[in-house]
Structure formats: structure tokens, C-alpha cells
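One letter stands for each residue in the lines below.
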Amino acid sequence: MDDGALALDLKPLEGSDTVTPMFPPLAPGRATRVRRRQAVREARRRQLAVVVVIAVVALVMLLVTAFGAGDHPAVAVSAPASAARLLPVGPPTPRVIARIGPLHLELPVNTTRVTAIGYAGGTAGALALTPVGSQKNEGLLKRLFHSVIGGGGGAPRWYQLSGGVGPPTSALDVGASPGTDVYSPVDGTIVGVQKVILNGTKFGQRIDIQPTAAPSLVISVSQLAGDPSLVVGSSVTASGSKLGQVLDFSKVEKQGLARYTNDAGNHVLLEVHPAATLQVP
């Protein structure tokens, strides 16, 4: 129709858009296979992400270890102790901190007075102890293992120290300030009270205790000023019988525990020896 101005040109415009034809729906079986492949790809992406995270954590920890503080790690400095900390607090609450076979060693110092706990190699003939708690300065691989798998926690926290000739956990250092009361770590009988001589000078006593629960062993407690009332044959009870007080050894030896405390690292020292081989200093 061409009449007048109302005539319309219905011819299609050149270059007009066309609609993309739709694909036919997937068959049910094929759709299931596609979803499975997508789920497998998603699971692989998640696994790869976990591996990448672990690798990054390991790299960061390695760099921190390699370029950190070296042999003298920084120790956070706490506020000065209050005057109340210097007052007597009495015997410690019974708490096992180490084991050797069926024998349990209890904390010899009141918990509020402990500055740090460490293990090192003991003197000749000292037996390895099994620490209770967790190592605070464990190596990179152990830290990574525990961060991924879990474990490695628990109290008390202790440090591995260097030095000594015995197994690395055969000397137990319980840090405390000089003058802190020291109590027996086991029930037993005192079988020796010996002077400790360093460079020709007497520095306190070593008190040897034969445990009631393990008479074939002797627990040696040293680096303390022994209580004058104790003699060979005296009976002692764990966490109840006072053995003496912690001495200041900072002027006669470099104490490894000082790396992890805010003081000179003074401590009471515990070792376990077979009763038949214990040597008198």
C-alpha cells in the first residue's frame, strides 16, 4: 500500500541484530556427569589452595627463623615485680612436671614464683626425664607439623636448653628468684646432703632423696641453700617438705635459662640417677 504519508516501509533494516539460537537442554545423564566434573574441579581447587597456604606459612616461618634474632631471641620485658611477690607464699600446689617410668616429679616451687622451666643435658649418669606439657622453643618442622595437624599444646610450657653431657632432658631447671622456697619433688627419704663446690668455693648443697615409689633411683636437688634441719634419714613429702631456698648463681656461671626470663636465670636443679651409681661431688 502506497497511499499518502501513512504508507509504511516494512522491509527489514540492513545490519539488524539476530538472536543466538539456544542449545537444546542436556540429557539427564550428561547433566549429572557435568556436575560431577565441576565438583571434582572445585575439590582440586580447594586442595591446591590448602597446599599454597601451607607452603606460604612454611616459607614465612623459615624466613623468620633464618633472619630473626639469632642466638639471642628477644624476650618481652615485663613490669617490675610488685612488693607482694617477695612475700612468702607457702608450699606449691601438687603438680607433676616430669616423669621417669612410674615415678612422678612434682613442681618444687610455688607456681606464682616460677620464672621459666627448662631441660638440658645433665651430669654423667643422669637419666632422661619425660617432660609434662609442651616445648615452647620447638623447631620449625615441629611447629609447622603442629600448626597443620594440631597438638603440641599443654602446660606447663618448657624450653630446651643446650649444654650438659647427659640426655637432653636429664637436667630439669625450675627458674625462680634467689630466696624462693624449694620443696621436695617426691615422697621419700634423704640419703645425702653434700656441699657444692665451684672453683674452690662452697655454693649451697645438693640434697639426694630416695623416692618411696622408686627406691632404685635417687633424686638430686641442687643450687639451693639447704634447710639446716634436714639430715640423712629425714623423711620428706612431695610439695610439703621444705628443702631450702634458691641461691644466686649468676656470679659463678652463665645460666641458660636467662635467655627466656627477665632475670639472671637462677633456678633449682633436679636430676635423677640410679641409686647404685650416684657419685658424691
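Not measured: the values here are computed from a predicted model.

(A) Region of the structure containing the overall build of the protein. The helix and strand tally for the protein stands at 2 helices and 14 strands. Intrachain contacts of the protein at a sequence separation of at least 6 include 68% that bridge at least 24 residues. In the form shown here, the protein has an accessible surface area of approximately 17400 Å², with 61% of it arising from carbon and sulfur atoms.

(B) Quick peek at the packing of aromatic side chains. Applying the stated rule across the entire model yields 3 aromatic pairs. Geometrically, the ring pair formed by Phe203 and Phe249 is tilted, given 5.7 Å between the ring centres and 50° between the ring planes. Of this pair, Phe203 sits in strand 10 (residues 201-211) while Phe249 sits in the loop between strand 13 (242-246) and strand 14 (267-274), and the two are 46 residues apart along the sequence.

(C) The pattern of salt bridges, seen in detail. Using the criterion set out here, one finds 3 salt bridges in the structure. Across the pair Asp181 and Lys242 runs a salt bridge, and its minimum N-O distance is 3.1 Å. With Asp181 in strand 8 (residues 181-183) and Lys242 in strand 13, this pair connects stretches of sequence that are 61 residues apart. Note on Asp181: relative accessible area 18%, which makes it buried. Since its relative accessible area comes to 32%, Lys242 is described here as partly exposed. One salt bridge connects Arg206 with Asp208, and the closest N-O pair in it is separated by 3.0 Å. For Arg206, a relative accessible area of 13% puts it in the buried group.

(D) Summary view of a nonpolar patch on the surface. Together, Leu48, Val52 and Val56 make up an exposed nonpolar region whose accessible area comes to about 270 Å². As for its position among the elements, Val56 is in helix 1 (residues 28-67). For Val56, a relative accessible area of 46% puts it in the partly exposed group.

Parameters and conventions
- Residues numbered from 1 in each chain as written.
- Predicted model: local features only at pLDDT ≥ 70, side-chain atom pairs only at ≥ 80, totals over all residues.
- Heavy atoms only, no water.
- Helix = DSSP H or I, 4+ residues; strand = E, 2+ residues; numbered from the N terminus.
- Contact = heavy atoms within 4.5 Å.
- Areas by Shrake-Rupley, 256 points an atom, 1.4 Å probe, with all protein chains shown as cover.
- Phe/Tyr/Trp six-rings, centres within 6.5 Å; stacked < 30°, edge-to-face > 60°.
- Salt bridge = Lys/Arg side-chain N within 4 Å of Asp/Glu carboxyl O.
- Buried < 20%, exposed > 50% of the residue type's maximum accessible area, 1.4 Å probe, protein only.
- Patch = residues over 30% accessible without salt bridge, like charges linked within 9 Å, V, L, I, M, F, W, Y side chains within 5 Å.

Keep in mind these values describe shape, not function.
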